[in-house]
Number of protein chains: 2
Amino acid sequence: MNDAARTQRSAGLVGVLGGMGPLATLDFLHKVLAATPARRDQDHVPMMVSSIPQVPDRTAAFRGDGESPLPALLACGERLAAAGVGLLVLPCNTAHLWFDDLQAALGLPMLHLADAALAEAARRAPGARLGLLATDATLASGLYLNRPQPRAVQWVLPTAVEMVELVMPGIAAVKAGELARGRDALMQAAQALRRRGADALVLGCTELPLVLDEAGLGLPVIDATDALARAVVAWSLTQREAEATGALAA
Amino acid sequence: MNDAARTQRSAGLVGVLGGMGPLATLDFLHKVLAATPARRDQDHVPMMVSSIPQVPDRTAAFRGDGESPLPALLACGERLAAAGVGLLVLPCNTAHLWFDDLQAALGLPMLHLADAALAEAARRAPGARLGLLATDATLASGLYLNRPQPRAVQWVLPTAVEMVELVMPGIAAVKAGELARGRDALMQAAQALRRRGADALVLGCTELPLVLDEAGLGLPVIDATDALARAVVAWSLTQREAEATGALAA
């Protein structure tokens, strides 16, 4: 071990700790591309992406039914740090339960996915009753509910039965590549939130936007993946301006 | 500089030196996922992906009109080596003009995209006259023409006028996100090859499969991106078997 060369830390290089799941990571990367004003390859955001899906199941660990994903997450984060990234993001909601541990251990700047999504909700659906679709662990840990809210929020959550029968099996189906089956279950869960008064919907798991969209749901959707992608692009543009200013001053 | 931690080299971790362009890299990653037998996140191929598109233009450098991409490619390769990858692949045909330089400098195992594509052509279209669509630099350097051929091949190439008026502008349009305009130009170039006797078509630039497919073209297509993705999955499965055997032996 420790046989690899060290590399230069690059302030503007975005580290993406992904692979949870790998398709959700690609969805995130597509959303970064779509949010970037670019005319040629060289205009795009420089990224180093860890897609190492051998991270123990996050929800099982939270429930006490499986090993902690933290050592695997730290190993991925250390690989990205060794590759010289200047920022770290996690395109997986549930992995954010270990956000503070990762930040403390790695000492890298990080952007929090739920903060990006809540800012987007405050902007796009101010005063809305927000339906929240997410994993069992994301809901029960209060990942969204307990973050500082840019605006007071009324939450509409799935029932326990909906979680067990629709949301968790729907997410597992998407991860297994069975998109049609996943979409059916998750659409039913979304419609239940709508019937109980949600007038906008937060997709608080990166598997959800793979099968749900605003057109199909008929109500405003806050896609946490997309919100994080836009936050990354804004960060990168600011970083590039700072580097250009620094270059002029030098 | 040199402030990042060293990490452990992992034999089974696939390093993807991408970003040329970023959308073509995502197409490659999707093809790796599609070619992987997986029921859950943890079954997928572990990858570390460099999508740092600030690599100087490969075709311009080959023509003598721009700086060499080699220092930037080496820097990306060194980041991936520092992150501990055990294999390196380049989902960009033209970047393979610097394949030997990268392999010599980095000392990592690598899979060659043209070898993967030529093996696929020999398997799927034995004896076919192969039309080749690729950048000016890929064609003129003989990247495909001069590789060891698994079977004798008859090549059908675009004319200089087709390269200048259709292929290069078509690829540039795809890189700029103007997919419909790119598709129009590239379809015309493909149809010209077909009229001149090509009975299968090699897509020898990773931008091409973003807009061309077998159904639209009406003749067998050898997608070099897909061939490399399948080669990576086969390598990864062999690697995992070796690790499992090693674990049992230990």
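(A) Summary view of the nonpolar core. Within the largest apolar cluster, 120 residues are counted, with the highest numbers of intra-cluster contacts made by A:Tyr144 and B:Tyr144. In this structure, A:Tyr144 is in contact with A:Asn93, A:Leu113, A:Ala114, A:Ala117, A:Leu118, A:Leu132, A:Thr138, A:Gln149, A:Trp155, A:Val202, A:Gly204 and A:Ala224, ignoring residues within four places of it in sequence. Counting 52 residues, the second-largest nonpolar core is a separate cluster that includes A:Leu102, B:Met20, B:Val85 and B:Leu102.

(B) View of the pairing of strand β6 (residues 200–203) of chain A. Residues and elements named next belong to chain A. Burial of the side chains of β6 extends over both faces: Ala200 and Val202 are buried on one face and Leu201 and Leu203 on the other. Note that strand β4 (residues 129–133) and β6 share four bridges and pair parallel. For Leu133, the partnering residue across the bridge sits in β6 and is Leu203. In this sheet, strand β7 (residues 221–223) lies alongside β6 in parallel orientation, the contact comprising three bridges. Across the sheet, residue Leu203 finds its bridge partner in β7, namely Asp223.

(C) Spatial organisation of unusual backbone geometry. Of note, the bond from A:Met20 into A:Gly21 is cis; its omega dihedral lies within 30 degrees of zero at -10°. Looking at where A:Gly21 falls in the secondary structure, it is placed in the loop between β1 (14–18) and α1 (22–34).

(D) Representation of the domain arrangement of chain A. Residue and element names in this part refer to chain A. Each assigned domain of chain A is listed with its residue range as follows: domain 1 (3–112 + 227–249) and domain 2 (114–224). On a C-alpha basis, the centroid separation for the pair domain 1 and domain 2 is 23 Å. Domain 1 puts 20 residues into the contact, and the matching count from domain 2 is 24 residues. Both sides of the domain 1 and domain 2 interface together cover about 1,800 Å² of buried area, and 56% of this is carbon and sulfur. Taken as a group, Asn93, His112 and Ala227 account for 38% of the area that domain 1 buries against domain 2, more than any other trio of residues on that side. Counting every contact that joins domain 1 to domain 2 gives two salt bridges.

(E) View of the pattern of salt bridges. The final tally for this structure, using the stated rule, is 28 salt bridges over all chains. In this structure, B:Arg40 engages B:Asp43 in a salt bridge whose closest nitrogen and oxygen atoms are separated by 3.3 Å.

(F) Representation of the sheet that holds strand β5 (residues 154–156) of chain A within the structure. Residue and element names in this part refer to chain A. Judged by pairing direction, the sheet is parallel, and its four strands sit side by side in the order β5-β4-β6-β7 without closing on themselves. This sheet does not close on itself; its edge strands, each paired only once, are β5 and β7. Pairs of neighbouring strands in the sheet enclose a mean axial angle of 30°, with direction left out of account. Strand direction decides the pairing type here: β4 and β5, joined by three bridges, are parallel. When the bridges of β5 are listed, Arg129 appears paired with Gln154. This element, helix α5 (residues 113–124), spans β4, β5 and β7 of the sheet and lies at about 155° to β7.

(G) Region of the structure containing the interface of chain B and chain A. Tallying the contact residues gives 49 residues for chain B and 50 residues for chain A. Across the chain B-chain A interface, the total number found is six salt bridges. With a closest N to O distance of 2.9 Å, B:Asp41 and A:Lys175 form a salt bridge. Between chain B and chain A we count 18 residue pairs in polar contact (both at pLDDT 80 or more) in total. Those elements that provide at least two residues to the side of chain B that touches chain A are α1 (22–34), β2 (47–51) and α3 (70–82) of chain B. Top element by residues in the side of chain B that touches chain A is α1(B). It accounts for six residues. For the side of chain B that touches chain A, a count of residues per class yields 25 nonpolar, 13 polar and eleven charged. Inspection of the sheet shows strand β2 (residues 47–51) of chain A paired to β2(B) by five bridges, in the antiparallel sense.

(H) Seen up close, helix α5 (residues 113–124) of chain B. Under the 1.5 Å per step criterion, the end-to-end length of α5(B) is 16 Å for twelve residues, consistent within 8% with the ideal 16 Å. For α5(B), the set of buried residues is B:Leu113, B:Ala114, B:Ala116, B:Ala117, B:Leu118, B:Glu120, B:Ala121 and B:Ala122.

(I) Inspection of the packing of helix α3 (residues 70–82) of chain A against helix α4 (residues 99–106) of chain A at higher detail. Residues and elements named next belong to chain A. Where α3 contacts α4, the axes come no closer than 10 Å and their chain directions differ by 45°. By the angle between their directions, the pair α3 and α4 is classed as oblique. The crossing of α3 and α4 is right-handed. On α4, the residues that touch Leu70, Leu73, Leu74, Gly77 and Glu78 of α3 are Asp101, Leu102, Ala105 and Leu106. Partitioned by chemical class, the residues of the contact of α3 with α4 number six nonpolar, one polar and two charged.

(J) Just the relation of the copies chain B and chain A, in detail. For the match of chain B to chain A, the screw axis carries a shift of 0.0 Å, the RMSD comes to 0.0 Å, and the turn is 180°. As the rotation angle and translation indicate, the two copies are arranged about a two-fold axis. The share of interface residues of chain B whose copies in chain A are also at the interface is 100%, consistent with both copies meeting through the same surface.

(K) Summary view of helix α7 (residues 160–175) of chain A. Residue and element names in this part refer to chain A. When the terminal C-alpha atoms of α7 are compared, their 21 Å separation across 16 residues agrees well with the 22 Å that a helix rising 1.5 Å per residue should span. Taken as a whole, α7 has its buried residues at Glu162, Met163, Leu166, Val167, Met168, Gly170, Ile171, Ala173 and Val174. Here the buried face of α7 lies against α2 (58–63), β4, α6 (136–140) and α8 (179–195). The positive-phi residue at the C-terminal boundary of α7 is Gly177, with phi of around 85°.

(L) Local environment of the pairing of β2(B). All names here are of chain B. Summarising burial for β2: five of the five residues are buried, a large majority. Two elements, strand β1 (residues 14–18) and β2, share five bridges in a ladder whose sense is parallel. Residue Gly15 lies in a different strand from β2, and its bridge partner there is Met48.

About the cut-offs
- Residues numbered from 1 in each chain as written.
- Chains lettered and ligands numbered in written order.
- Predicted model: local features only at pLDDT ≥ 70, side-chain atom pairs only at ≥ 80, totals over all residues.
- Heavy atoms only, no water.
- Core = buried A, V, L, I, M, F, W, Y, C linked by side-chain atoms within 4.5 Å.
- Buried < 20%, exposed > 50% of the residue type's maximum accessible area, 1.4 Å probe, protein only.
- Contact = heavy atoms within 4.5 Å.
- Helix = DSSP H or I, 4+ residues; strand = E, 2+ residues; numbered from the N terminus.
- Pairing = 2+ DSSP bridges.
- Domains from an automatic or database assignment.
- Buried area = accessible area lost by both parts, 1.4 Å probe.
- Salt bridge = Lys/Arg side-chain N within 4 Å of Asp/Glu carboxyl O.
- Axes fitted to C-alpha atoms, helices over the stretch in contact; angles between N-to-C directions.
- Polar contact = N/O pair within 3.5 Å; in protein donor to acceptor, adjacent residues only side chain to side chain.
- Nonpolar A, V, L, I, M, F, W, Y, C, P; charged D, E, K, R; others polar.
- Expected span 1.5 Å × (residues − 1).
- Parallel < 35°, antiparallel > 145°, perpendicular 65-115°, else oblique.
- Left-handed = near helix turned anticlockwise from the far one by under 90°.
- Least-squares fit on C-alpha atoms with pLDDT ≥ 70 in both.

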